[in-house]
Amino acid sequence: MMPAIRFSYGGQMKPTLDSDLLRTFVAVADAGNFTKAAVQAGRTQSAVSMQMKKLEDMVGDSLFERGSRGVALTRRGGELIVNARRIVSLLDETAASMVAAPLGGPVRIGIPEEYGRAILSRALGAFAKRHPQVDITVRYAHSGAQIAALAAGELDLAVVFEWQDLSGGEVLMHDPTVWVTSELHHMHEERPVPIALYNRAGWCKDFAIKSLEQRGLAYRVAYTSDTNGGLRLAVTSGLAIAPISRSNIPAGCRELTAADGFGDIDSSNVVLRRNPNASGEAIASMEEAIREAFTNR
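Residues numbered from 1 in each chain as written. Predicted model: local features only at pLDDT ≥ 70, side-chain atom pairs only at ≥ 80, totals over all residues. Heavy atoms only, no water.

K.L.:
I keep staring at the packing of aromatic side chains and nothing clicks. Help me out?
P.N.:
Where two aromatic rings form a pair, the distance of their centres and the angle of their planes describe that pair. In total, this model carries 8 aromatic pairs according to the counting rule given. Aromatic pair Tyr198 and Trp203: ring centres 6.3 Å apart, planes at 70°, arrangement edge-to-face. The class of Tyr198 is buried, set by a relative accessible area of 12%. The class of Trp203 is buried, set by a relative accessible area of 14%. Three or more aromatic residues joined by ring pairs form one cluster here, namely Trp163, Tyr198, Trp203 and Phe207. Across the ring face of Tyr198, the terminal group of Arg200 is positioned such that the distance to the ring centre comes to 4.3 Å. (Phe/Tyr/Trp six-rings, centres within 6.5 Å; stacked < 30°, edge-to-face > 60°. Buried < 20%, exposed > 50% of the residue type's maximum accessible area, 1.4 Å probe, protein only. Lys NZ or Arg CZ within 6 Å of the ring centre and 35° of its normal.)

In structure tokens:
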């Protein structure tokens, strides 16, 4: 029997909102489609439709707008989804904490800087609530250094970019690198175009510079940095354009497309690798937390 959440408005008890209904509501909102949500929930489409009709009757308003391509949240649905996600997340965290015994020991993680705040913070937050006794070490570095550290036994888990040959690691997402410009400064219109690059030659020469040369674009290196944050700063301050993964384009900036005379620099996959000699439940649990954070980004 799933727990039920009761809401009271102005001292008047409203009908019980079953958490199972809220879980299905979140699944439909995420999938944008009743059929896909039914598959994910292991139910029939008619069962999901009946659940959502019941929830709409309880709320007293429509939660979805139906269209030819699926469903979208109404204004009322948008208001409910915030609390629904919070409730479902809290129930999942509570269930996990009751089932899993707290783990201990060290976990060493390598990850690109650009996924630190958006992805790793989410993974660490969920992990720390379940396993507060685990000692976590995080290393931010470029993919070549992370791969070397993994091979040397200095890391247990590494999230890296792979551009050509796949290692057999788990692909977490496809995130190509693109040229990015400031919407305020328009540095891409200058000739030669000022570019910001990492201060390591391999990838920059084989991909970033090559993409400009293939399009016959004159350029000058106006800025170098050893971090993604440095490249983002170069773009937002109007010093140069820079190669940045599509998912990490800063606010106030945009991707330079073929219409601008540019295009994708590479076709990066973000891959999770695990040290084959690293074992233990803490490492396996962290691996799952990272996987979930990318899935729910």
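So much for the structure itself; the text now carries on.
K.L.:
Please clarify how the pattern of salt bridges should be interpreted in this entry.
P.N.:
Close approach of charged atoms lets side chains of opposite charge pair. Counted by the stated rule, this structure contains 16 salt bridges. A salt bridge links Asp57 to Lys53, with the shortest nitrogen-to-oxygen separation between them at 3.0 Å. Of this pair, Asp57 and Lys53 both sit in helix α3 (residues 45-59), 4 residues apart, which is roughly one turn of the helix. Salt bridges linked by common partners bring Glu170, Arg274, Glu287, Glu288 and Arg291 together as one network. (Salt bridge = Lys/Arg side-chain N within 4 Å of Asp/Glu carboxyl O. Helix = DSSP H or I, 4+ residues; strand = E, 2+ residues; numbered from the N terminus.)

K.L.:
Sorry, what's going on with the domain arrangement of the chain here?
P.N.:
One frequently used descriptor of interface size is the decrease in accessible area upon assembly of the parts. Each domain of the chain was delimited in the assignment, giving domain 1 (19-92), domain 2 (105-174 + 270-296) and domain 3 (177-267). Placing the centre of domain 1 and that of domain 2 at their C-alpha centroids yields a distance of 32 Å. (Domains from an automatic or database assignment.)

K.L.:
Which parts of the structure should I look at to understand the nonpolar core?
P.N.:
Side chains of a nonpolar character, in soluble globular proteins, are inclined to be buried together. In this structure, Trp179, Ile195, Leu197, Trp203, Ile241 and Phe262 are the most contacted members of the largest nonpolar core, which totals 27 residues. At the level of elements, β11 (177-182), β12 (193-198), α7 (201-214), α8 (228-236) and β14 (242-245) are the ones that each hand at least two residues to this core. In terms of residue count, α7 provides more of this core than any other element does, 6 residues in total. Those residues in contact with Ile195, other than ones at most four positions away along the chain, are Trp179, Leu212, Tyr219, Arg220, Val221, Ala222, Tyr223, Ala240 and Ile241. One finds Ile119, Val134, Leu157 and Ala293 within the second-largest nonpolar core, a separate group that totals 24 residues. (Core = buried A, V, L, I, M, F, W, Y, C linked by side-chain atoms within 4.5 Å. Contact = heavy atoms within 4.5 Å.)

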